[in-house]
Amino acid sequence: MADRLETGYRAKLRWLLAKVRPRRLDFGVDLLVRRARALSEREGVPLPEALARVYEFTRWRVKKRLERTAACRLTGQPLDAPVRPPRFLCDPSLGGLARWLRAAGYEADWMRSGSADPLADARRRGAVLLTTDSRQAVRMGSEAMPEVLWVPSSLRRVHQLGVVLRDLDLEPREPRCMACGAELRAVPKQEVAARIPPRTARWKDEYFLCAGCGRLYWQGTHWQRIAARLQGERPSVSAAARP
Ligand SMILES: [Zn+2]
């Protein structure tokens, strides 16, 4: 377990550091893994947590460095060029993460069983593969939007979502249906009156219907809790403490 996690983090640190084109990439990755081990021994934190902390801090530093170099560069590139949001295909073990991604407004599905070549399946769907399998992690390459993103199985789901949003610099969008992943559309209250629980109808006027499965949504306390958790995992609030 610890070996597989370290393999995954090594691949991910390599992907991260490649963005700033260091002269000695492997040396940099080794240094960070050694730093995580030292942190684990010094403070008695489990190695998976130490690796996660070193990774978060490194991502934050890479982001700051990229922001600085971008500010220095004079380019004629248009700002805010429209980019299609990525869609995701998750491992069978990451069904919970797929649901959270839907809540964050992204198209996401998960494989119901294992696959001989999950990356090929993701490519066929035009999706980014999210996986906990460290053997797939080495296929991350160096693109800002990789074809496969390794996600640590040691993290809780909402924190896995935070890792995905921060790694790919994605802000939460309009929520999608957590059950089927389709878009939610505002619907007049009177059209769905018969389906609204009487106590909810008394204090809520805004309702949404899933365009896929027809499920009815409103911004109740459950929704508000989810929205609060999503806000906490946004890339813009990712300032990480030095480990
Ligand atoms: Zn639905």
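Only a predicted model underlies this, so the values are computations on that prediction, with no experimental measurement involved.

(A) Broad picture of the packing of helix α1 (residues 2-18) against helix α2 (residues 25-43). Relative to each other, α1 and α2 sit at 130°, their axes nearing to 9 Å. If you check the angle between α1 and α2, you find them oblique. For the pair α1 and α2, the crossing hand works out as right-handed. Each of E6, R10, L13, R14, L17 and A18 in α1 lies in contact with α2, whose residues at this interface are L25, D26, G28, V29, D30, L32, V33 and R37. Grouping the amino acids of the contact of α1 with α2 by side-chain chemistry returns seven nonpolar, one polar and six charged.

(B) Quick peek at the packing of aromatic side chains. This model, assessed by the stated rule, comprises seven aromatic pairs. Measuring from ring centre to ring centre gives 6.2 Å for F88 and Y106, while their planes differ by 70°; the resulting arrangement is edge-to-face. Residue F88 is found in strand β1 (residues 88-90), and its partner Y106 is found in the loop between α4 (95-103) and β2 (108-110); the two are separated by 18 residues along the sequence. The same class applies to F88 and to Y106, which are both buried. Within the aromatic cluster, the residues linked to one another by ring pairs are Y9, Y55 and W150. If you follow K19 out to its NZ or CZ, it ends over the ring of W15, 4.3 Å from the centre. Stacked on the ring of W110, the Lys or Arg R112 has its end atom at 4.0 Å from the ring centre.

(C) Structural view of the environment of Y207. Within the element layout of this structure, Y207 appears in strand β6 (residues 207-210). Considering only alpha carbons, one finds Y207 and R166, 41 residues apart in sequence, at a separation of 30 Å. Residues within four places of Y207 in sequence aside, it is in contact with R185, A186, V187, K189, V192, I196, T200, A201, L216, Y217 and W218. A polar contact is formed between the side chain of Y207 and the backbone oxygen of K204, at a distance of 2.9 Å.

(D) Structural detail: the domain arrangement of the chain. Splitting the chain by domain gives domain 1 (2-72), domain 2 (88-174 + 225-237) and domain 3 (184-219). Just the C-alpha atoms count here: the centres of domain 2 and domain 3 sit 29 Å apart.

(E) Quick peek at the coordination of the zinc ion. Donor atoms from the polypeptide that bind the zinc ion are C177 (SG), C180 (SG), C210 (SG) and C213 (SG), placed at 2.3 to 2.4 Å. Its four donor atoms give the zinc ion angles of 96 to 118° at the centre, a pattern that matches the tetrahedral case. Looking at C180, the relative accessible area reads 34%, which means it is partly exposed. Judged by its relative accessible area of 4%, C210 falls in the buried class.

(F) Region of interest: the environment of S93. Along the polypeptide, S93 turns up in the loop between β1 and α4. Assessed through its relative accessible area of 54%, S93 is described here as exposed. Taking the C-alpha atoms as reference points, S93 and D133, 40 residues apart in sequence, are found 9.8 Å from one another. At 3.4 Å, the side chain of S93 forms a polar contact with the side chain of T132.

Quick notes on the rules
- Residues numbered from 1 in each chain as written.
- Predicted model: local features only at pLDDT ≥ 70, side-chain atom pairs only at ≥ 80, totals over all residues.
- Heavy atoms only, no water.
- Axes fitted to C-alpha atoms, helices over the stretch in contact; angles between N-to-C directions.
- Helix = DSSP H or I, 4+ residues; strand = E, 2+ residues; numbered from the N terminus.
- Parallel < 35°, antiparallel > 145°, perpendicular 65-115°, else oblique.
- Left-handed = near helix turned anticlockwise from the far one by under 90°.
- Contact = heavy atoms within 4.5 Å.
- Nonpolar A, V, L, I, M, F, W, Y, C, P; charged D, E, K, R; others polar.
- Phe/Tyr/Trp six-rings, centres within 6.5 Å; stacked < 30°, edge-to-face > 60°.
- Buried < 20%, exposed > 50% of the residue type's maximum accessible area, 1.4 Å probe, protein only.
- Lys NZ or Arg CZ within 6 Å of the ring centre and 35° of its normal.
- Polar contact = N/O pair within 3.5 Å; in protein donor to acceptor, adjacent residues only side chain to side chain.
- Domains from an automatic or database assignment.
- Donors = N, O, S within 2.8 Å, 3.2 Å for Na, K, Ca; no water.
- Tetrahedral: all angles 85-135°; square planar, octahedral: opposite > 155°, others 65-115°.

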